[in-house]
Structures are given as structure tokens and as C-alpha cells.
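Single-letter residue listing:
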Amino acid sequence: MAVIIKVPRIAVKATWRKILIVVAMVCGIGLLVAGGVFYWSWAKYGQIVSSRLKEPLFVHTAQIYAAPPEVRPGQTLSAQWVVQELQQAGYTAQGQTPVSAMGTYAAEPDTVTVSPGPDSYHDQERATIGFANGMVSQIVGANGEQLASYELEPLLVTGLSDQSRAKRRLVTYDDLPKYMAPAVTSIEDRRFFQHGALDYDGVLRSVVHDMMPGRHSLEGASTIDMQVAKMFFLTPQRTFKRKFLQVIIALQLEHRFSKQQIFQMYANEAPLGEVGSYAIDGFGEAAQAYFGKDVGQLDLPECALLAGMIQSPSWLNPFRHADRAMVRRNVVLDAMVETGAITKKQAEQAKAKPIDVVPGAFDSGEAPWFTEMARNELRQRLNDPDYNERGLRIYTSLDPQLQQVAQNAVSEGLKQTDEVVRARYKRRVRLDERRGIKTPPLVYPQVALVALNPHTGQVLALVGGRNYATSQLDHAIAHRPTGSIFKPFVYAAAFNSSVAGTPLTNPSGVSGIFTPLTVLHDEPTTFTFDNGQTYSPHDFENEYFGDVPAVEALYRSLNNATVELAEMVGYDNVANLARAAGITSVQPTPAMAIGSYDATPLEMAGAYTVFANGGVKIDPRMLVSVRVPNGNVIANYTPNATPVLDPRAAFLTLSLMEQVLNNPHGTGAGMRGMGFTAPAAAKTGTSHDAWFAGFTSNLLCVVWVGNDDYSQLNIEGDRAAGPIWGDFMKAAVQLPQYSDTEQFVSPPGVVQMQLDDRTNLLADASCPDDWTATFLGGTQPTDTCDHSMGDQRNIFQRIFGLGKQPVNPPPPPNVAQQPKPVPPGAAPAQPAQTQNQNAPQAPEQKKKKPGFWARLFGRGNKHNSQDQQNPQQ
């Protein structure tokens, strides 16, 4: 039987009332607690934000500046170019506000007046640069005097990376291009300029997602304000607490800063991938790293590309994943259409453009190898572990224009070398397949280029490898066998003996003062040294030239002849000279003479200043001045010069090196065929690697090409390193600052004479084919050529060896044996250049043996040989 209990209605109402009261009380307490927590968090993290903002948001790393551009009357420059240089350096036009502390300028159609400010690298001395017919016509100082030159403001190259190896270029909101902010906000935070730090729908989705088991903070939906909060104030750890604090700090930022200021923070901190070992942070640095331009010059598709990379910088890196980067860029462009930032037509036009990143932009624009070496030099000189956090201005010797030329020359030159390497690899693969051998992977050679001012030692351009993004190893400071670019030091030591009046004795017992015409024996020889040790070098392709004058031995780069000369001079004397020039690894052995010992390309560049600078060795350097942000000088650096060679010996060696380029059979004659016509001296080198070293009156360059695994490159120096050197020097002399190359000036005590091409005696009217030779005063030939003293026999006497043969004239007194006039039927030596030293020379011809008619009429041709250190060039 059912029992029905009636509950009074008033009791039910009382129960619900109590429940509602309890709920209200709980909610109230919850709100009070939440409010208290929020207030406490607001106060606590407000203090944290305030404390953090007392310090600069970005570490003021040291800034690397290039060498100041020099303006000289006669240069092909325009007023517009000068104005652009000044604007890039931070100068403002006179009357413009705010006035730049760096300086101001006043531009007229034919003049630009430059007024350095208190923060300038230079003293505050005004000058007016005049222009006429596309050239600098005059430079007038503040007091009206005519100036021979004037230096503009050095340009910022880059900032040193911080301890995390992050690099950034700080920009302001106004520096950003038109489409940068719309691109970012369209894809990252569409309501950024409308909301008050929080996009509530997105935050709610993120909170719900965080509450799911094992799914903490994988949902993004963060506003730009929240991303800035995470970047500057929080750890990357993903927790619910951090999400809550991210909201608190975002509100704090919104309370303290304008939207433009918050976006500026974001623009300077956003991670945008890596190049080499550097992290690229911020749009300013990314613009240079990926596109090789200032951030203000970015166009619509470039802005969209960078905005799209924010999502996943490594996954979307355009250098490695161009297809992914393009898809993401196009997503950003569509988002910009949806927000009304651009039209659909603009988006379609932007989508049609390829991903136009510049692989070498970071290498040439940032000069990373140069920057790292400058950092190391700075650390050694300042001996201050915190130097990079003081915002120092580091003024260096870098020439940005020449650095770009160097990067271009390396890129183009390696293409030729790579073709040779690929062709050889294909042949090896086919051969290995027949033998059933697995071929190791193809490895492309590495490269280094060092260019410096031979009179100051200032490094003007430096490339340390193929691509900094793929390998940060600096080959400019890697030790490699020097090959035949060492040989000039053997000849310089010989000329040193001449200056001292010390005769040299050859293996045949003939003694005399060494001259360019001293006969050396180029034939297979075994040299004995150090109590019975032997050394047997070989010439390139085992081709030997017999008795040759010293000048020919160098321009043909003959190994046996050079080792013989080193033996005559004394191995110790050669080694001592080389060490004084900075090649410290050499030992006094026969192998030293042909470059068996190691040196770095930078060391060889420094060593070659001995020849280019009248016997004075100038240490390579990169730092010019170190200053605090207000311009006060901490330290200025001057050249370190050491006399190591008599100026006469230096010039005599230089004159032999000129023949390497100017003589048609010189190992570097191909540079003239490339169109490089400036007066220059050089030497090729081949050992394991390929080298080319040479200089003009105002620029010295050393190029090295070789394999990282130390395997032999097996490509001659003039074929692997030579094209890079030639392209670089040819382009360099077209720049205004290096265009005024001059003939090398001989010191007192040295004479230059015209010699007959055939007899190497003084040329006269009867022998017009001549060349310029350089001698130490008193050692030059005294007899003149006379072709009437030549072979006067008739054709039948020549064929059957009948009749009186010509008599060789005696050598000059007290001079080592000179080459004899070439007898009938032999090929005459061709040790010299044509009368016009600057004219382009014909490219080297392939070797041919003298034919019957050539032997009959006494004509023939000694042909160019490449040299090797078994082999060495």
C-alpha cells in the first residue's frame, strides 16, 4: 500500500532559497578570491614589468661600422649618391626635425654641404662637395681651403650577436614598410589595433583546451600583446599558470604603451629563423638576411613572406623550404584581402612573384666572417668580458662595396671550378662502377678571399667560405700548404744577397751576383740536405726546360730551378726571411722552396705586403677605432709595420712577379686575357690546393681554393683560384676608390732597361723586340744586341751544321752566369713581356714541339708549363 507524504510548499521554497544563498555566497567568495588573486597578480607582475622596463628591452650589442667612404675630386660620383650615403648613415636634411645628432646635410643641384654632428665619427668640420659633368669637381673646407679628399660617415654593417648568437637590427614602427603591420596582424591578430590586449574568443578557446587532460597550452590564439608578454617577461614553459600570467602582463603592456609601441617591440623580437649559426630576430635583421635590403624597402610579397614565417620559422625557412614558404605567403596574402588591407588584384599580382630570397645576402651584407674576426680581435684588445653589452661603436676597415665585389667574384668563380669537379666525379663514378667500387659522395671545394690595403694592412673585404649558412668555418684563417705562392721569397732572399754584395755559386761552380738573368738549371735533380736526407721534386707534367734565366724560372714556376736557387742562397736565409714576413711554419728544407709548409690566406696576404710596400711588412688588421655611443674614443689603432727586406730587393722581386701576368707564358697570363689590364704583380700556386696572390699599387688580394678533407684539388691555381682573383681585381679597379692604380715606383739603386727578347742583351734599333728588365745598379748587362752577329750561315750550312757558328758575348763582370744567346735549331727563351706592359696579353697557347722549319730557321717556342709540388704551381 502506497504512502503519500505531503511536503509543505513553504518548505520547498525555503530549501531553494537556502541553495541560492549558498551559491551566491560561494560565487561571491569566488569572485572575491579571484579578484584578490587578480589584484595580487596585477600588483606583483606590475612590479616585475616595471623592473624589467627599467633596463633596455634589447641588449645594446656592439655595432660594427664600415670604413668611411672617401670622396676625391675626379671621382665619378653624383650628388644623389652622396645624399643617399648620408641618409643611410643617419644624417638629416638641414631644417628637418628632429635634427640628427649624427649630422646634417644641405643638397643643391651641384653641391652637397656636409655638417657632421656631435655623434659623428669625424670632427665637426663642415665641407662642401661640388659636382660637374657627373664627377666630383672640388671639395671646399669650412674656411674655404681646397681639400684633396673628404670622408663621409661610416655606415653600419651589423650588430654583434648576443650571447645566444641572436642578431637583430632595431627598427622603429615608422621604419617599417607600408605592408608589414597589415601582413602581420592579418595572419596573427586581426583585431590588434581594436582590442584591449585580449581577444576573448581566442582566450576562451585556449582555456578550454588547457583544461583537457594532457593538452596544455597547445591551442594558440594569443594576441600580439600576449606574444610580446611571453617574449620579454615569461619563460617558454607551457602551463596554465603561464597563460594566466601572460594575460596579466598583456594587460599591463596595454596599460603602459600605445599599440604602435607594442608592435615595435614585436617587430624587433619576432623569431624569423636562422642563417648559419645565427638566430635571426626581428624584421630589420630578416630583411637583410633573406633579401639583402633595408626593412623599409620590402615590398608586399616580401612582407607577406616574413609575416608567414612567424608561425614556424624553421619549417618555413625560404632558403631550405621555398615551396612551403610560398604556400604560407599566399595564405597571408589571402588573409590581407579578407581584412581589406589589400585588394584581390594586388594579392594575385603578389602571388605571381617567385620567392625572391638572396642566398648570399647575409654573406655580403653582414660580412659574417669579417664580423667574427673583428669580434675576436676586439675581445683580445679590450680584455673586457662585458664589452658587447655597452653599445660600443666598432669602426673597422671593411669596404662594403668591395665586400660585395668579393662575394660576387667567389660565387661566379666557383661555378667554373664546380663544373670541373662534377665532370671529374662523373668519370670517377663510371670507372668505379666498372671496378665494382662504391664512389664516395661528391664534395665541392671551399674558398677564401682576403683583400687588403698593402700600405696600411687594413682588411677591406674577406670571404671565408662558399656560404656562411652552410659552413661557418673561416678558411681565411685555416692553415694550408702555400704551394708556389711561396716562391717569391726564395727570389727575394737571392736579391738580398745581391744587395749585400754576396755572390751565389751554382752547382756547376759558377759564382756571381744574382740578377734576373742568372741561369738556373731546370732538370730532374736530387737535393741532399741535413746529413744525407734527399729530396727530388718534379715539375708539372714532368716537363723540364733546361737552362733558364731566373725571371723565366719564376714566371713559369719551375720547381727544380727554384729549389736550386734556394740551395744557392741557403735554406736558412730563405726560412728566416719567410718567418720575418709572417710565414712562421717554414723549416729550412728543399721542400720549403716550393711551398710545402702551411700558412693561412690572411697570413699570406700579410706576407705579400713586403713586396707591395717596399720591403716593409704590415700586419693585417680590421679595427680602426672603438668608441662609446656618444662618440668618445676608447682606442684608436694604427698599423704595425716591420721592415724585413731591403727596398731594392723587394722591388726586384716585384718586377719578376709582374712577368707572371705580363709574359704570354706566365702562369698568370690568363688574367690579362680576362681583361684585367692594371699594372700588377702576382704568383700562382698549386699543391693540395689552388692559390692566386697578387697586388696593384693600392690593393692586394689572395685567393685560396681547396677541399676541407685535405684531399688534393688537382686543379691548377690559375684555373681554380685565378678566375676568382681576376674577376675580383677587374671589378675592383672599376670602383672609384681603387681606380687610380699606378705603375710601381722603383727605389734608388735600381735600374730598368730594355733587353732584346732573343739575346737578353741591351736592346738597340737593330732588335726592336724587347722587354723591360730590372736590375740592381751595376749588375745590368753592358753589351748591346746586334743581330748581325747572329747566325749568318746559308740554308745548306744550317742543315748540315757547316760554317762558323755565332759567338756568345761574355756576361757582365761580377755577375752570375747569364743565359747564352739561343743557338741555331733551339727554341729561344721568352722571359719577358711586350713593350706595352699594360696591354692585354694573348691567352696561353697549348704546347707544341718545334717543327722542322722552326729548327731550320732557329725559331721555336718554349711553352708555358704549370708547376707542381709533385706537382706544384
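Residues numbered from 1 in each chain as written. Predicted model: local features only at pLDDT ≥ 70, side-chain atom pairs only at ≥ 80, totals over all residues. Heavy atoms only, no water.

Novice: Any chance you could explain the sheet that holds strand S26 (residues 633-636) here in plain terms?
Specialist: Taken together, 5 strands build an open sheet; the order of strands is S9-S1-S13-S25-S26 and the sheet is mixed. Each having just a single partner strand, strand S9 (156-159) and S26 make up the two edges of the open sheet. Averaged over all adjacent pairs, the angle separating strand axes in this sheet is 20°, with direction ignored. As judged from the 3 bridges shared by strand S25 (residues 623-627) and S26, these two strands associate in the antiparallel manner. Counted as the bridge partner of Arg627 is Val633 from S26. In the packing of helix H13 (residues 368-382) onto the sheet, the strands contacted are strand S1 (63-65), S9, strand S13 (393-396), S25 and S26, and the crossing angle to S25 comes to about 65°. (Pairing = 2+ DSSP bridges. Helix = DSSP H or I, 4+ residues; strand = E, 2+ residues; numbered from the N terminus. Axes fitted to C-alpha atoms, helices over the stretch in contact; angles between N-to-C directions. Contact = heavy atoms within 4.5 Å.)

Novice: Honestly, the side chain of Asn663 in this entry has me stumped. Any pointers?
Specialist: Assignment of secondary structure puts Asn663 in the loop between helix H20 (647-662) and helix H21 (670-673). For Asn663, a relative accessible area of 0% translates into the label buried. Side-chain polar atoms of Asn663 contact the backbone nitrogen of His665, separated by 2.8 Å. (Buried < 20%, exposed > 50% of the residue type's maximum accessible area, 1.4 Å probe, protein only. Polar contact = N/O pair within 3.5 Å; in protein donor to acceptor, adjacent residues only side chain to side chain.)

Novice: Hey, could you run me through the packing of aromatic side chains in this one?
Specialist: Here a ring pair, both rings aromatic, is described through the centre-centre distance and the interplanar angle of the planes. In the structure shown here, the tally under the stated rule is 16 aromatic pairs. Taking the centre distance of 4.9 Å and the plane angle of 45° together, the rings of Phe489 and Phe611 count as tilted. Of this pair, Phe489 sits in helix H15 (residues 488-499) while Phe611 sits in helix H19 (residues 601-612), and the two are 122 residues apart along the sequence. Taking the relative accessible area as the measure of exposure, Phe489 reaches 1% and is therefore buried. Here Phe611 falls in the buried class, since its relative accessible area comes to 2%. When the ring centre of Trp315 is taken as reference, the NZ or CZ atom of Arg324 above it lies at 3.4 Å. (Phe/Tyr/Trp six-rings, centres within 6.5 Å; stacked < 30°, edge-to-face > 60°. Lys NZ or Arg CZ within 6 Å of the ring centre and 35° of its normal.)

Novice: Can you help me understand unusual backbone geometry in this one?
Specialist: The general pattern is negative phi for most residues beyond glycine and trans for most peptide bonds. If you check the backbone angles, Asp530 has positive phi at about 45° while not being a glycine. Here Asp530 is to be found in the loop between strand S20 (527-529) and strand S21 (533-535). Under the relative-accessibility criterion, Asp530 is labelled partly exposed at 48%. Of note in this structure, Tyr710 is not a glycine but carries a positive phi near 70°. Secondary-structure assignment places Tyr710 in the loop between strand S30 (700-706) and helix H22 (717-720). Exposure remark for Tyr710: the relative accessible area of 34% places this residue in the partly exposed category.

Novice: Any chance you could explain the state of the cysteines here in plain terms?
Specialist: The bond known as a disulfide is covalent and runs between the sulfur atoms of two cysteines. Taken as a whole and judged by the stated rule, the model has 1 disulfide. Bridging Cys767 to Cys785, the disulfide has an S-S length of 1.6 Å. Here Cys767 is found in the loop between strand S31 (750-756) and strand S32 (770-776), whereas its partner Cys785 is found in the loop between S32 and helix H24 (795-800), with 18 residues between them in sequence. The buried category is assigned to Cys767, whose relative accessible area is 1%. (Disulfide = S-S within 2.5 Å.)

Novice: Teacher, can you tell me more about the environment of Met729 here?
Specialist: Note that Met729 resides in helix H23 (residues 722-732). Considered as a pair, Met729 and Leu700 are 29 residues apart in the sequence and their alpha carbons are 8.9 Å apart.

Novice: Looking at this model, I keep getting lost on the pairing of S13. Mind explaining?
Specialist: On a regular strand, one side chain projects to one face of the sheet and the next to the other, so that they alternate. With burial as the criterion, each face of S13 is covered, one bearing Arg393 and Tyr395 and the other bearing Ile394 and Thr396. Judged from the 3 bridges that link them, S1 and S13 form a sheet pairing that is parallel. Within the sheet, the bridge partner assigned to Tyr65 lies in S13 and is Tyr395. Alignment of S13 against S25, held across 4 bridges, turns out to be antiparallel. Counted as the bridge partner of Tyr395 is Ser625 from S25.

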